[in-house]
Every structure is written in structure tokens, then in C-alpha cells.
Amino acid sequence: MGDIREPLSELVECGLPQALEVMGERWSFMILRASFNGLHHFEEFLSELGIARNILSNRLAKLVEHGILKREPCADDRRKIEYRLTEKGFDLLPAMLALRQWGQKYGAEFVEDPVLVDEADRLPIGPVSILAHDGRILNHKDLWLVKRENVGKRADGSIAAARGELRRGDVVDLDQARKAAG
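Residues numbered from 1 in each chain as written. Predicted model: local features only at pLDDT ≥ 70, side-chain atom pairs only at ≥ 80, totals over all residues. Heavy atoms only, no water.

Remarks on the overall build of the protein chain
Step number 1: Counting secondary structure elements, the protein chain contains seven helices and four strands.
Step number 2: Reading the secondary structure of the protein chain in the N-to-C direction produces α-α-α-α-β-β-α-α-β-β-α.
Step number 3: Looking at the protein chain residue by residue over its 182 residues, the buried ones come to 19%.
Step number 4: Long-range contacts, defined here as pairs at least 24 residues apart, represent 49% of the contacts in the protein chain between residues at least 6 apart.
Step number 5: Entry remark: accessible area of the protein chain is about 14,000 Å², with carbon and sulfur atoms responsible for 53%. (Helix = DSSP H or I, 4+ residues; strand = E, 2+ residues; numbered from the N terminus. Buried < 20%, exposed > 50% of the residue type's maximum accessible area, 1.4 Å probe, protein only. Contact = heavy atoms within 4.5 Å. Areas by Shrake-Rupley, 256 points an atom, 1.4 Å probe, with all protein chains shown as cover.)

Let's talk about a nonpolar patch on the surface
Step number 1: A cluster of nonpolar side chains, Trp144, Val146 and Val151, forms an exposed patch at the surface whose accessible area comes to about 320 Å².
Step number 2: Structurally, tryptophan 144 can be placed in the loop between β4 (137-138) and α7 (174-181).
Step number 3: Classification of tryptophan 144 by relative accessible area gives exposed; the value is 54%. (Patch = residues over 30% accessible without salt bridge, like charges linked within 9 Å, V, L, I, M, F, W, Y side chains within 5 Å. Salt bridge = Lys/Arg side-chain N within 4 Å of Asp/Glu carboxyl O.)

What about helix α2 (residues 26-36)?
Step number 1: The complete set of buried residues in α2 reads Trp27, Ser28, Ile31, Leu32, Ala34 and Ser35. Burial along α2 is one-sided: seen end-on, the buried residues are contained in an arc of 160 degrees. (Arc of directions from axis to C-beta.)

A look at the side chain of glutamate 82
Step number 1: By the secondary structure assignment, glutamate 82 is in strand β2 (residues 81-85).
Step number 2: Within the structure, glutamate 82 has its side chain in polar contact with the side chain of arginine 84 (distance 3.0 Å).
Step number 3: If we ignore the near neighbours within four places in the chain, the residues touching glutamate 82 are His40, His41, Lys70, Arg71, Glu72 and Cys74. (Polar contact = N/O pair within 3.5 Å; in protein donor to acceptor, adjacent residues only side chain to side chain.)

Some details on the packing of aromatic side chains
Step number 1: As enumerated under the stated definition, the model contains three aromatic pairs in all.
Step number 2: Judged by centre distance (5.7 Å) and plane angle (50 degrees), the rings of tryptophan 102 and tyrosine 106 are tilted. Taken together, the residues tryptophan 102 and tyrosine 106, both in helix α6 (residues 93-106) and four residues apart, mark about one turn of the helix. Residue tryptophan 102 shares its accessibility class with tyrosine 106, and that shared class is exposed.
Step number 3: The ring of tryptophan 27 is capped by arginine 26, whose NZ or CZ atom sits 4.7 Å from the centre of that ring. (Phe/Tyr/Trp six-rings, centres within 6.5 Å; stacked < 30°, edge-to-face > 60°. Lys NZ or Arg CZ within 6 Å of the ring centre and 35° of its normal.)

What about unusual backbone geometry?
Step number 1: Of note, the bond from aspartate 113 into proline 114 is cis; its omega dihedral lies within 30 degrees of zero at 10 degrees.
Step number 2: Among the structural elements, proline 114 can be located in the loop between α6 and β3 (130-131).
Step number 3: Positioned with a positive phi, arginine 122 is a non-glycine residue whose angle comes to about 60 degrees.
Step number 4: Assessed through its relative accessible area of 59%, arginine 122 is described here as exposed.

Brief notes about the nonpolar core
Step number 1: In this structure, Ile31, Phe45, Leu56 and Leu60 are the most contacted members of the largest nonpolar core, which totals 20 residues.
Step number 2: Mapped by element, the contributors of at least two residues to this core are α1 (15-23), α2, α3 (42-49), α4 (53-65) and β2.
Step number 3: Other than its neighbours up to four places away in sequence, isoleucine 31 contacts Phe45, Leu49, Ile51, Leu56, Arg59, Leu60, Leu63 and Leu69. (Core = buried A, V, L, I, M, F, W, Y, C linked by side-chain atoms within 4.5 Å.)

Considerations on the environment of leucine 138
Step number 1: Position of leucine 138 relative to the elements: it lies in strand β4.
Step number 2: On the accessibility criterion, leucine 138 (17% relative accessible area) is buried.
Step number 3: Excluding its chain neighbours within four sequence positions, the residues that come into contact with leucine 138 are Ile130, Leu131, Ala132 and Leu143.

Let's talk about the pattern of salt bridges
Step number 1: The full count for this structure, using the stated rule, is seven salt bridges.
Step number 2: With its nearest N and O atoms 3.0 Å apart, the salt bridge here joins arginine 84 to glutamate 82.
Step number 3: The partly exposed category is assigned to arginine 84, whose relative accessible area is 28%.
Step number 4: Between arginine 100 and glutamate 112 there is a salt bridge, with the nearest N and O atoms lying 2.7 Å from each other. One end of the pair, arginine 100, is in helix α6; the other, glutamate 112, is in the loop between α6 and β3, and twelve residues separate them in sequence.

The quantities given are spatial measurements derived from coordinates; they are silent on function.
Next up, the structure:
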């Protein structure tokens, strides 16, 4: 992946160790999955997940502390607390889906039910992919590490210009992108 590699002993120079510090154990992911499925109350998490009360309390506090969930008084009963996903929490959805799809591909044989679909046409979502800035699908052979000052400098010395950022609702021709990725 390039002429240089990440300093693997430096835990603060990479986002992965920082993410694992917050999300690096099973119950945090299960609570997040439950949140994406509409659970908001401590007792709902407790009964649906089958998690011990003290572990749930600890994990919820950690997710709140790190800004993934927020605590809010319940609208219909201000004595109750709801746990709601923040924007930071919603940003974990692609990682959650990638892990889910990986588990489906390499885990035990099972038929997924219910199926996660695109709301617009109710067809199953495609695989989570690594996309270039212009929508091309990349694989591990396409990835390269460079120093920040060399971003945009091609191997031949020419300078690349960004073609635009993909945004929610943009359509990418997956067949064309796969062919371009080779």
C-alpha cells in the first residue's frame, strides 16, 4: 500500500485505535445496532439485548461520553431518559453495515430475515465499498499511503484535481465503476 506505511506503534496517529477505544467490544456495537433499530430506553435495551444491567449502564455512559448517543428526557414522561443517536453516531452506519455484510459473507450459514433494503425501491442494498472521490470502486490494490504533503501528486509527477465529492442521493454506475477498477 505504498512506499511508506503507517507508524503502527503510534496509537494516536491513526483513527482505528481511537475508534476501537470507543467501539472496540461487542456490546457497544449491539447497543448501536439496537439504536439504529429504534430502541431508545434503558429497559428496551436491557430486555431486547439480554445484557446485564451494569454492563448496559457502563456502555451507554461510554457512548454518551464519546458523543455517539445523547441522553434526553422522554417527551411524554420527563422522568424517563431516552438515548438518541447523534450525527457522530449515525456516521457509524457504514462501518456497521460493512461489519454486518462481512459477517453474513463469512459467518455461519443463515438466511437474512428481515432484509436491509433501499427505502426508495425496496431492493436489497449493495455491498459497502471503498469509493474514490469520484465514485470509482476501489479494492486493496488501489490503495496507497502517502504523506499529507504528497496528496494529489501522482507517481508520474503530475497533479490530480478532485472531480467532485459524492453526496447522498448521487448515483454511481456500479458496473462501469467495477470495470474501471479492473
